Amino acid sequence: MASPSRVGPSASAPSIASSAMRADGVVRARGLCWKPPGASAYALEKIDLELRRGECALLTGPSGSGKSSLLRALAGLLRDGCGEGVLELARAARPDRLDAGLLLQNPDTQLLCATVCDELRLGLEALGLPDASVEARLREVRDALELSGIERRNVERLSAGQKQRVALGAVL
């Protein structure tokens, strides 16, 4: 296993997302701090946590307390800003899967494509999967999330619950 990288104001690329990848499925943060670009205060300050594969955790706190920033860090999505500390992210168990996905509260902020099918297909194609694998995964997600029959519908015309399921499907 590679040693974790330390990132901070003096690092050449101050990005928490450049941290180590762990093959054992553990996500670990030690002394994790992060400040958005142009901000005077840290959104994350001295975070210590460890999550093992299969564990379920509840993250709570008032609005503006850093919950979304922490989730973005754990998903490897904090690219800008100033960070420090150690962050070790879990490597995907399968090569055809992303390391992590992030599903936010409002699906409207995550739906990028015009149709349900295009939205579900976008992430799979970005992984560079062969067409047969993309189609198989589309069927799997569509069936699991009960999206059959609405694949060609415009995402703007979906109910709130349907949009949530499409956003989840796009992350899966």
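The preceding data block contains the structure.
Residues numbered from 1 in each chain as written. Predicted model: local features only at pLDDT ≥ 70, side-chain atom pairs only at ≥ 80, totals over all residues. Heavy atoms only, no water.

For the protein, the helix and strand inventory stands at four helices and four strands. The N-to-C order of helical and strand elements in the protein reads β-β-β-α-β-α-α-α. Classification of the 172 residues of the protein by burial places 35% in the buried group. Restricting the contact set of the protein to residue pairs at least 6 apart, pairs at least 24 apart contribute 60%. A total accessible area of about 10200 Å² is found for the protein, and carbon and sulfur atoms account for 51% of it. (Helix = DSSP H or I, 4+ residues; strand = E, 2+ residues; numbered from the N terminus. Buried < 20%, exposed > 50% of the residue type's maximum accessible area, 1.4 Å probe, protein only. Contact = heavy atoms within 4.5 Å. Areas by Shrake-Rupley, 256 points an atom, 1.4 Å probe, with all protein chains shown as cover.)

The next subject is the packing of helix H2 (residues 116-126) against helix H4 (residues 160-171). Where H2 contacts H4, the two axes come as close as 7 Å, and the packing angle between them is 25°. Relative to H4, H2 is oriented roughly parallel. At the point where H2 passes H4, the crossing takes the right-handed sense. On H4, the residues touching Val 116, Glu 119 and Leu 120 of H2 are Val 166, Gly 169 and Ala 170. Taken together, the residues of the contact of H2 with H4 sort by class into four nonpolar, one polar and one charged. (Axes fitted to C-alpha atoms, helices over the stretch in contact; angles between N-to-C directions. Parallel < 35°, antiparallel > 145°, perpendicular 65-115°, else oblique. Left-handed = near helix turned anticlockwise from the far one by under 90°. Nonpolar A, V, L, I, M, F, W, Y, C, P; charged D, E, K, R; others polar.)

Looking now at the packing of aromatic side chains. Considering all chains together, one arrives at zero aromatic pairs under this definition. One residue, Lys 35, lies across the ring of Tyr 42, its end atom 4.8 Å from the ring centre. (Phe/Tyr/Trp six-rings, centres within 6.5 Å; stacked < 30°, edge-to-face > 60°. Lys NZ or Arg CZ within 6 Å of the ring centre and 35° of its normal.)

Before going further, it helps to examine the nonpolar core. If you look at the biggest cluster of nonpolar residues, it comprises 15 residues, and the most contacted ones within it are Val 116, Leu 120, Leu 147, Leu 158 and Val 166. Among the elements of the structure, H2, helix H3 (131-144) and H4 are those that each provide at least two residues to this core. The next biggest cluster of nonpolar side chains, apart from the first, holds 12 residues, and it includes Ala 29, Trp 34, Leu 49 and Ala 73. (Core = buried A, V, L, I, M, F, W, Y, C linked by side-chain atoms within 4.5 Å.)

This brings us to the packing of H2 against H3. Interaxial distance between H2 and H3 falls to 10 Å at its minimum, and their mutual angle equals 130°. If you check the angle between H2 and H3, you find them oblique. Seen along the crossing, H2 lies across H3 with a hand that is right-handed. Residues Cys 117, Leu 120, Arg 121 and Leu 124 of H2 form the contact with H3, whose own contacting residues are Val 134, Glu 135, Arg 137, Leu 138 and Val 141.

A word on the state of the cysteines. Under the counting rule described, the total for this entry stands at zero disulfides. Free of any disulfide, Cys 113 has its nearest cysteine sulfur in Cys 117, 9.7 Å distant. (Disulfide = S-S within 2.5 Å.)

Here we take up the environment of Asp 80. On the secondary structure map, Asp 80 appears in the loop between helix H1 (67-74) and strand S4 (82-90). It is 6.4 Å that separates the C-alpha atoms of Asp 80 and Pro 37, two residues lying 43 residues apart in sequence. The residues contacting Asp 80, other than those within four sequence positions of it, are Trp 34 and Pro 37.

A word on unusual backbone geometry. Phi angles above zero are rare outside glycine, and Lys 46 is one such case at about 55°. Within the secondary structure layout, Lys 46 lies in strand S3 (residues 44-51). One non-glycine residue with positive phi stands out, namely Glu 146, at about 55°. On the basis of relative accessible area, Glu 146 is assigned to the exposed category, the value being 63%.

On to the side chain of Thr 115. Relative to the helices and strands, Thr 115 is located in the loop between S4 and H2. For Thr 115, a relative accessible area of 16% gives the class buried. At 3.1 Å, the side chain of Thr 115 forms a polar contact with the backbone nitrogen of Asp 118. (Polar contact = N/O pair within 3.5 Å; in protein donor to acceptor, adjacent residues only side chain to side chain.)

Just distances and angles here, no functional claims.
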